[in-house]
There are 2 protein chains.
Amino acid sequence: MNFLNEVSSLFPSAVSLASGRPNDRFLARLKPQVLLNSLAVYERHSAGGHGGGQVWSQLLQYGRTAGVISELVAQQVRSDERVPARADGVLITAGCQEALALCVPALCPEPSDVLLVCNPTYIGAIGAANVARVPITALCNSAPSIADAIEFAVPQLRRNGRRARAIYLIPDFDNPTGRVLDTAARRDILQVCARHRIVVLEDNPYGLFRYEGDAVPPMAALDEVGSVIYLSTFSKTLSPALRVGAAILPETIFGDARASRALWEDLVQRKSFVTLNTSQITQAIVAGLLIEQGISLRAWVQPALDWYHANRDAMLCQLDSVFSNFPDQIRWNRPSGGFFLSFDLPFKFGAESVSECARRDDVIVMPTSFFALDNSQDCRIRLAFSAVTPEQIRTSVTGLGRYVARRLGRELPNLRDELAEAEDEE
Amino acid sequence: MNFLNEVSSLFPSAVSLASGRPNDRFLARLKPQVLLNSLAVYERHSAGGHGGGQVWSQLLQYGRTAGVISELVAQQVRSDERVPARADGVLITAGCQEALALCVPALCPEPSDVLLVCNPTYIGAIGAANVARVPITALCNSAPSIADAIEFAVPQLRRNGRRARAIYLIPDFDNPTGRVLDTAARRDILQVCARHRIVVLEDNPYGLFRYEGDAVPPMAALDEVGSVIYLSTFSKTLSPALRVGAAILPETIFGDARASRALWEDLVQRKSFVTLNTSQITQAIVAGLLIEQGISLRAWVQPALDWYHANRDAMLCQLDSVFSNFPDQIRWNRPSGGFFLSFDLPFKFGAESVSECARRDDVIVMPTSFFALDNSQDCRIRLAFSAVTPEQIRTSVTGLGRYVARRLGRELPNLRDELAEAEDEE
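Conventions used here
- Residues numbered from 1 in each chain as written.
- Chains lettered and ligands numbered in written order.
- Predicted model: local features only at pLDDT ≥ 70, side-chain atom pairs only at ≥ 80, totals over all residues.
- Heavy atoms only, no water.
- Pairing = 2+ DSSP bridges.
- Helix = DSSP H or I, 4+ residues; strand = E, 2+ residues; numbered from the N terminus.
- Salt bridge = Lys/Arg side-chain N within 4 Å of Asp/Glu carboxyl O.
- Buried < 20%, exposed > 50% of the residue type's maximum accessible area, 1.4 Å probe, protein only.
- UniProt positions renumbered as here; feature names shortened; annotations may be inferred.
- Contact = heavy atoms within 4.5 Å.
- Buried area = accessible area lost by both parts, 1.4 Å probe.
- Least-squares fit on C-alpha atoms with pLDDT ≥ 70 in both.
- Phe/Tyr/Trp six-rings, centres within 6.5 Å; stacked < 30°, edge-to-face > 60°.
- Lys NZ or Arg CZ within 6 Å of the ring centre and 35° of its normal.
- Axes fitted to C-alpha atoms, helices over the stretch in contact; angles between N-to-C directions.
- Parallel < 35°, antiparallel > 145°, perpendicular 65-115°, else oblique.
- Nonpolar A, V, L, I, M, F, W, Y, C, P; charged D, E, K, R; others polar.
- Polar contact = N/O pair within 3.5 Å; in protein donor to acceptor, adjacent residues only side chain to side chain.

(A) Broad picture of the sheet that holds strand β10 (residues 340–344) of chain A. Residues and elements named next belong to chain A. Within the open sheet, the four strands sit side by side as β9-β10-β13-β12. Their pairing is antiparallel. Where the open sheet ends on each side, the last strands, each with one partner, are β9 (331–332) and β12 (366–367). As judged from the two bridges shared by β9 and β10, these two strands associate in the antiparallel manner. Along β10, the bridge assignment pairs arginine 331 with aspartate 344.

(B) Structural detail: the pattern of salt bridges. Throughout the structure, instances matching the rule amount to 35 salt bridges over all chains. The partner of B:Arg312 in a salt bridge is B:Glu212, with the nearest N and O atoms 2.5 Å apart. With B:Arg312 in helix α13 (residues 298–323) and B:Glu212 in the loop between β6 (199–203) and α10 (219–222), this residue pair connects regions lying 100 residues apart in the sequence. Residue B:Glu212 is classed as partly exposed on the basis of its relative accessible area of 37%. Each of A:Glu356, A:Asp361, A:Arg402 and A:Arg406 takes part in one network of salt bridges that share partners.

(C) Examining the UniProt feature "domain: Aminotransferase class I/classII large" (unreviewed entry) in chain A more closely. Taking the numbering used here, the UniProt-annotated feature "domain: Aminotransferase class I/classII large" (unreviewed entry) corresponds to residues 70–396 of chain A. Its end C-alpha atoms 42 Å apart, residues 70–396 of chain A is made of 43% helix and 15% strand.

(D) Broad picture of the interface of chain A and chain B. Between chain A and chain B, the residue contacts involve 54 residues of the former and 54 residues of the latter. For the pair chain A and chain B, the summed buried area comes to about 4300 Å², and 63% of that belongs to carbon and sulfur atoms. When residues of chain A are sorted by the area they lose upon contact with chain B, A:Gln61, A:Tyr62 and A:Phe273 head the list and together hold 17% of the total. Put simply, chain A and chain B have zero salt bridges between them.

(E) Seen up close, the relation of the copies chain A and chain B. After a rotation of 180 degrees and a shift along the axis of 0.0 Å, chain A superposes on chain B with an RMSD of 0.0 Å. Each copy turns onto its partner about a two-fold axis. A shared binding surface is used by both copies, with 100% of the interface residues of chain A retained as interface residues in chain B.

(F) Examining the packing of aromatic side chains more closely. All names here are of chain A. For the coordinates displayed, the defined rule picks out 30 aromatic pairs over all chains. Note on phenylalanine 209 and tyrosine 308: the rings are 5.4 Å apart at their centroids and 70 degrees apart in plane angle, and the pair reads as edge-to-face. Placement of the pair is phenylalanine 209 in the loop between β6 (199–203) and α10 (219–222) and tyrosine 308 in helix α13 (residues 298–323), with a sequence separation of 99 residues. The same class applies to phenylalanine 209 as to tyrosine 308, namely buried. The residue whose ring lies beneath arginine 29 is tryptophan 300, and the NZ or CZ to ring-centre distance is 4.1 Å.

(G) Layout of the packing of helix α11 (residues 257–274) of chain A against helix α6 (residues 95–107) of chain B. Relative to each other, α11(A) and α6(B) sit at 95 degrees, their axes nearing to 7 Å. The angle between α11(A) and α6(B) places the two elements in the roughly perpendicular class. Facing α11(A), whose interface residues are A:Ser272, A:Phe273 and A:Val274, α6(B) presents B:Gln97, B:Glu98 and B:Ala101. For the contact of α11(A) with α6(B), the per-class residue count stands at three nonpolar, two polar and one charged.

(H) How the structure looks around unusual backbone geometry. A:Pro120 follows A:Asn119 through a cis peptide bond whose omega is 10 degrees. Locating A:Pro120 in the fold gives a position in the loop between β3 (113–117) and α7 (123–131). With phi around 50 degrees, B:Arg243 is a residue other than glycine that occupies positive phi space. Turning to its location among the elements, B:Arg243 is positioned in the loop between β7 (228–233) and β8 (245–248).

(I) Local environment of the side chain of B:Asn311. Residue and element names in this part refer to chain B. By the element assignment, asparagine 311 lies in helix α13. Asparagine 311 sits in the buried class, given a relative accessible area of 0%. Among the polar contacts listed, one links the side chain of asparagine 311 to the backbone oxygen of valine 388, at a separation of 2.9 Å. Residue contacts for asparagine 311: discarding those within four places in its chain leaves Phe385, Ser386, Val388, Thr389, Pro390 and Ile393.

(J) Region of interest: the pairing of β7(B). Counting buried positions over the six residues of β7(B) gives six, a clear majority of the element. Burial along β7(B) is two-sided: the face carrying B:Val228, B:Tyr230 and B:Ser232 and the face carrying B:Ile229, B:Leu231 and B:Thr233 are both buried.

(K) Looking closely at the environment of B:Arg407. All names here are of chain B. Here arginine 407 shows up in helix α15 (residues 390–408). Look at arginine 407 and you get partly exposed, because its relative accessible area is 36%. Considered as a pair, arginine 407 and proline 346 are 61 residues apart in the sequence and their alpha carbons are 9.6 Å apart. Ignoring anything within four residues of it in the chain, the contact list for arginine 407 reads Phe347, Lys348 and Ser353.

Okay, structure coming up:
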C-alpha cells in the first residue's frame, strides 16, 4: 500500500478509487463527546451494584486476554448478522487483522499445513499467513466453483505431502472482487470442507452494507458441524481507529467440543503473546455504543448504507455512460453491496499504469494484481466507491475512460462533454 | 497466568504479591474527562493551521502503520530515559508485547537463528519467541557475567549449526529478579554483542521507577555501533489499557544505515499484517497527556514512584523483621527500583505451594520457576510490591513467614505477634 500512498502524495488532485476506507463523514459522528458518553454508558452498564469508579479503574488495568465485551459482541453478531455466536466463543482482537494473524497459524501449526485462498484475495490474509510462515495455496479459477476448486486442491496437496487445514473467504461483497457467494455455493463449500476437515475463516467486514436483494445467510449460520470461525470487525461500521474486531468460534470443531475448547485456549495464549489484550478503553467505547444502539448497528450504519448505495449507483451509471461504446473486453460486475467492484480491461494494468492514470487522468485505481498470487489478474482493477463523493465518482470514472481510450488508441466523442460537465459542477 | 487468576478467585481474601500491575490508584487519575481533555489537546496540537475537525476525522480512519505520535514518543524517551531516539526510528505498537512479537521473528528469520535470554526472564519474551517459532537459548547462570555467558553460548550454538541473532534483556529492575545491570556490565554486553552481531532488545518498562542511587544509562544510550532496539511502554506510567508501546530502532545496525532501514521496513510490514496500526484514539490520548506534561512523564509518575518506594521499604522492613531468625538459605535482594524483588528459599516452591500459601496463609506469591527455562529457579519466588498497600505488605509477608516456618518445621516466636499486630491494624 506504500506505493499507493506515494502516488496519492505525488498527485494530490487525483481522485482515489483505490481506497476502500469507510467514508470520513460517517466516522466523524464519533465525536470526542460521543466517545466519552459511550464510556459512561459502559461504566453504568457494568457497574451493576458497585460504583462506576471501580469499573473504570479495572478498565484501565491489564485485563482479560479474550476481552471484556464478548457478551455484547455475541449479541450484536447474532442480531445483525444471524451468526449463532456464544459469548464464551468470542475472542476480542485488536481489529480483525489480529484475528487473522492468530487464527491462521493456530489452524496450520505443522509445516505441511496449508491455508487455501481465492485468487485474488484480501492482502491482509496473504500477509497474515506470510508473517506466520504458513504456506498458501491459491484455488484454481478455472474450476466451476470454489467447492470444486477445493476438491481439486486437496488431493493435489496431499500428493505433495501437504494438507489444507483452513480456507479464507469473504462470502459477502468480497475484497477485491465484490462477489457474493449464494446459499448453494456456501453449502457446497461447507460440505467439502467438512469432508476434508478444513476450517472456514469467514471474514465479513461488509455484510451490513447490502443495497438490494435478500441477505444470504453467513456460512457460520449455515454451518451444522462446526467448521466456521467467523471474523467480525467494527472498522467499517464504527471506526477503524478503535481497532476492535473478533474471532467467533463454533461450539465444536467438526463435532468435537474439546477440539473447539483447545483451539480457543491456543488462540487466547497466542493473543497474550502478541498484544496481551485489546485496549479496554476502545472495547468500552464499542460496548457503550452497542448499548446505546440497542445491541444492533443496523440503524447506526443506515446513513452510511444509503450513501454507499448512492455511490455504487453513481459509479455503475457513470461506467455505463462512459464505457458504453467500448469493446466487449471492458466489463465490470454489479455488486449488490460492499465497497468495491471489479473492472476488466483488454490490457495489463500495473504500477506504471496507476501512475500514468493518476498523473494524466486524475484518478487512482487499484490493480487487482496487487491481490493476486499469479498473473491471472493482470488485466483487472478494483474500483472502490466508499470513500468518495458522487461528483468525484463521475469525474474519476470519466478520467478512467480517457485513460482507457488512450491505451486503446481511440477517442470517444462523449468523453469530452462528460469531462466539461463534471468540471462545471465543481 | 491462568493458574494465578484461579488461585486468586479461589482465595479472594489472600493478598497477592504475585501481580506486578501498576497500582490502581495512579491509573485512576486517567478519568474519562482527562482522556477527553487529552484528545482535545492532541487535536489542537495537530491542527496547526487547519480546523481540529479534520484532525479528528483523520484520527478515526485507518492510519499510518508505524503510528502518528512517533515524534512525541521520541522526545519523551530522549528526555526521560536519555535514549537517543529519532522520530523516524520509532514504531508505535499495540503495547510493548507487540513490539516483542514483531522484533523477535524479524531479527531471527532463519530456522537456525536463536534468541538469547536470561534465565529466568519475562514470560512475554519467551511467549513471543514461541508463537513465532523462534528457538530460545537460556544463558548459563554459572558464567561470571552475562557478557561471559554470551561468549560461552555463541560457539556452542555454532557447533549445533545455530546462530544467536538477538538477546532480550531488562537491564533496569528486571522482571522477575529486580536486578540492575551496572554500566560496566552493559558495556561488556554491548561489546560482545557487537563482535557477534547480536542485536540487544532492551526492554525498559520500569526505568522511571528508581528509588535511590544514580540512574544507569540505558544500553541504547551506551550503544556506539547500532546494536540496541529499545522497547518502551506507557503501561506502567500511564495505563496498560491504552495498549501503546514502541520499538525504537538505532540509526544503523552495526554501522549499516541501510540494514536499519530494511529492518524498519520489515517491522512495519509485519505490523501491517498483525494489527494494521495501533489505535489512533489511544495514541492521541498518550500524545495529549505527553503534551500536557511538557513531554516528560517524570512529574506524572512522581506520586506513584513515592508510593512504590514506600512499598518497597515496607516490604524490605517486614522481610527483615519476619525472617531475621531464619536460616541463611533464606535471602532476598534489595532492588533500587522497579516492582519486584527476588526471594530465595531452602526448598522448592511450585504451584502446590502457591495454593497452600494462599489457602492457609492468605498470601499469593509467584514462583520464579514460572519464568524459567529449566529447574534452576525452583527454590525462588518473585515478590511484587506495586499493586498492594503497605498494610497488605505487612500482613502478607507475615503470612509468608508463617508458611516458611511451617515448611521448615519450626515456629518463630515473633511471628504470632506480627500477625496479631497486623490484624489489629485492619
